[in-house]
Amino acid sequence: MNSISTHHTECIPIPTATLIDEKALARRWSISLKTLRNWRVSGYGPAFRKIGRSVRYAMSDIQQFETDKRRLSTSDGGRDVR
């Protein structure tokens, strides 16, 4: 966690999130960049951040998405959230 010093006497904690780019996420899931980009356009996939022209994903959002996709069998409908 980073912090900002105010008046040189106290520090205010700032939470930090580990962010990865779309290429790293595509590699993690063994999918193409095009698939990941199509998912973003359609509203599917984990939440993302748009910083300038760059797209970033928080690891916490990725892990939540992966958890939401967990299934116990092929007939398990799960909690498919779109």
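Here the structure is a predicted model, which means the values were calculated and not measured.

As for the packing of aromatic side chains
One pair of aromatic rings is described through two measures. These are the centre distance and the angle between the planes.
No. 1: Inspection of the entire model under this criterion finds five aromatic pairs.
No. 2: Centroid distance W29 to W39: 6.2 Å. Interplanar angle 50°. Geometry classified as tilted. Within this pair, whereas W29 is found in helix α1 (residues 22-29), its partner W39 is found in helix α2 (residues 33-42), the two being separated by 10 residues in sequence.
No. 3: Classification of W39 by relative accessible area gives partly exposed; the value is 23%.
No. 4: On the basis of an interplanar angle of 85° and a centroid distance of 4.9 Å, the ring pair of W39 and Y44 is categorised as edge-to-face.

Regarding the sheet that holds strand β5 (residues 54-58)
No. 1: Reading across from one edge, β3-β5-β4 is the order of the three strands in this open sheet, with antiparallel pairing throughout. In the strand order of this sheet, the two ends are held by β3 (19-21) and β4 (49-51), each with one partner. Looking at each pair of strands side by side, their axes are set apart by 40° on average, direction ignored.
No. 2: With respect to the sheet, α1 is in contact with β3 and β5, its orientation differing from that of β3 by roughly 85°.

Looking at the pattern of salt bridges
No. 1: Here the structure, examined in full by the defined rule, presents four salt bridges.
No. 2: Its salt-bridge partner being R37, residue E22 comes within 2.9 Å of it at the nearest N-O pair. You can see E22 sitting in helix α1 and its partner R37 sitting in helix α2, a full 15 residues away along the chain.
No. 3: Note on E22: relative accessible area 14%, which makes it buried.
No. 4: The exposure class of R37 is partly exposed, given its relative accessible area of 38%.
No. 5: When the shortest N-O distance is used, the salt bridge between R40 and E22 registers 3.0 Å.

Some details on unusual backbone geometry
No. 1: For S30, which is not a glycine, the phi torsion comes out positive at approximately 55°.
No. 2: One can find S30 in the loop between α1 and α2.

Criteria and cut-off values
- Residues numbered from 1 in each chain as written.
- Predicted model: local features only at pLDDT ≥ 70, side-chain atom pairs only at ≥ 80, totals over all residues.
- Heavy atoms only, no water.
- Phe/Tyr/Trp six-rings, centres within 6.5 Å; stacked < 30°, edge-to-face > 60°.
- Helix = DSSP H or I, 4+ residues; strand = E, 2+ residues; numbered from the N terminus.
- Buried < 20%, exposed > 50% of the residue type's maximum accessible area, 1.4 Å probe, protein only.
- Pairing = 2+ DSSP bridges.
- Axes fitted to C-alpha atoms, helices over the stretch in contact; angles between N-to-C directions.
- Contact = heavy atoms within 4.5 Å.
- Salt bridge = Lys/Arg side-chain N within 4 Å of Asp/Glu carboxyl O.

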